Amino acid sequence: MKGNAVSNSELLKELRIERHQREAHDGRMPRWPWIVLALVLLLALLGGGAWWMLGHRAVAVQTTGYVTARRQATVSAQITGTLTAVLIEEGDHVKKSQVLARLDDSAYRAGLEAARAQAAAAHALVAQYKAQLAQNDRDAARQQSLAAQGLVPKQAAEQARTLAEGTRAQLAAQMKTAGSADAQVMQAQVNFDYCVVRAPFDGVITTKDAQVGEIVSPFSAGGGFTRTGIGTIVDM
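Criteria and cut-off values
Residues numbered from 1 in each chain as written. Predicted model: local features only at pLDDT ≥ 70, side-chain atom pairs only at ≥ 80, totals over all residues. Heavy atoms only, no water. Phe/Tyr/Trp six-rings, centres within 6.5 Å; stacked < 30°, edge-to-face > 60°. Lys NZ or Arg CZ within 6 Å of the ring centre and 35° of its normal. Buried < 20%, exposed > 50% of the residue type's maximum accessible area, 1.4 Å probe, protein only. Helix = DSSP H or I, 4+ residues; strand = E, 2+ residues; numbered from the N terminus. Pairing = 2+ DSSP bridges. Contact = heavy atoms within 4.5 Å. Expected span 1.5 Å × (residues − 1). 1 Å grid on protein atoms, 1.4 Å probe; cavity = no way out; pocket = protein on both sides within 12 Å on 5 of 7 lines; lining within 4 Å. Points joined across faces, edges and corners; volume = space filled by probe spheres on them. Nonpolar A, V, L, I, M, F, W, Y, C, P; charged D, E, K, R; others polar.

A. The packing of aromatic side chains, seen in detail. Throughout the structure, instances matching the rule amount to zero aromatic pairs. Above the ring of Phe201, the side-chain terminus of Arg71 is found at 4.4 Å from the ring centroid.

Structure representation (structure tokens):
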């Protein structure tokens, strides 16, 4: 009996199936591969999210720097005068040749009109001398023809020719006078145009330095009563 008991116990031990053997025998995989796979997927998801956040954060990075003026100018008048209009304010965007201010132009307008009148008178004399010269040239030619025929003294022909030459010299001098008068008109026109202050280029007004009623001049007169600039314009 004892021998049979031992034999039966050993037989049962040999016939016992361990847990992992039963799982393998049942065709089911152990749990630990699924746990490892889940951890791998979790790490992949975390890594992808971190990459996405870092990538978008890199795109959103902003840099800092300085904005400098490519051109900057203090706008002033070319002549001395009293401001009658200032058409700018700080921050205004202006275009090239845009009117920024106006000066009292009454004196310069009068000077321009006077110069034009003098030029007109000078050109009238030029026309008069031209007509006189044409007449004197005809008279000289006629006297020369009569003198050649012996109908008038040669002295009369010479006098007529001398008179024509004198008129020609007067015409030349008057033409120079008329040219000088034209130059005076041009200068008066320039001064009159200087009464309108325009923008030298496209830009932004950064400062307004003068007001209506103040005197502006391209030259500093000292004492603080004369402005040398109307405003500052910059091209960024």
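There is more to say after this.
B. Main features of the pairing of strand E4 (residues 99-103). Along E4, four of the five residues are buried, which leaves the element largely enclosed by surrounding structure. Pairing of strand E2 (residues 81-86) with E4, which is carried by three bridges, proceeds in the antiparallel orientation. Residue pairing across strands places Leu83 opposite Leu103, the latter belonging to E4. The pairing of E4 with strand E5 (residues 196-198) spans three bridges and is classified as antiparallel.

C. Seen up close, the environment of Val197. Following the sequence through the fold, Val197 ends up in strand E5. Considered as a pair, Val197 and Leu87 are 110 residues apart in the sequence and their alpha carbons are 9.9 Å apart. The contacts of Val197, once residues within four sequence positions are left out, are Val75, Ser76, Ala77, Gln98, Val99, Leu100, Ala101 and Ile230.

D. Seen up close, unusual backbone geometry. Even without glycine at this site, Ser97 takes up a positive phi of about 75 degrees. Tracing the backbone shows Ser97 in the loop between strand E3 (93-94) and E4.

E. Expanded view of helix H5 (residues 154-193). Between its first and last C-alpha, H5 extends 59 Å over 40 residues, near the 58 Å set by a 1.5 Å rise per residue. Listed as buried for H5 are Ala157, Ala160, Ala164, Thr167, Leu171, Gln174, Ala178, Ala181, Val185, Ala188 and Phe192. Among the structural elements, helix H4 (106-148) and E5 are those in contact with the buried residues of H5.

F. How the structure looks around the sheet that holds strand E6 (residues 203-208). With respect to topology, four strands assemble into an open sheet ordered E1-E9-E6-E3, the strand pairing being antiparallel. On the outer flanks of this sheet lie strand E1 (71-75) and E3, each paired with one strand and no other. With four bridges joining them, E6 and strand E9 (residues 231-235) adopt antiparallel strand pairing. Considered in E9, the bridge of Val204 is made with Val234.

G. Representation of the sheet that holds strand E7 (residues 215-216). Taken in spatial order, the five strands make up an open sheet running E5-E4-E2-E7-E8, and their pairing is mixed. Of all the strands in the sheet, just E5 and strand E8 (226-227) have a single pairing partner and so form its edges.

H. Seen up close, the layout of surface pockets. Put simply, the largest pocket is a space of about 150 Å³. Along its surface, the largest pocket is lined by Thr74, Val75, Ser76, Ala77, Gln78, Tyr194, Val196, Val197, Arg198 and Pro200. Listed by contribution, the elements that provide at least two residues to the lining of the largest pocket are E1 and E5. Per-element accounting of the lining of the largest pocket gives the leading share, three residues, to E5. Looking at the lining of the largest pocket residue by residue, the classes come out as six nonpolar, three polar and one charged.

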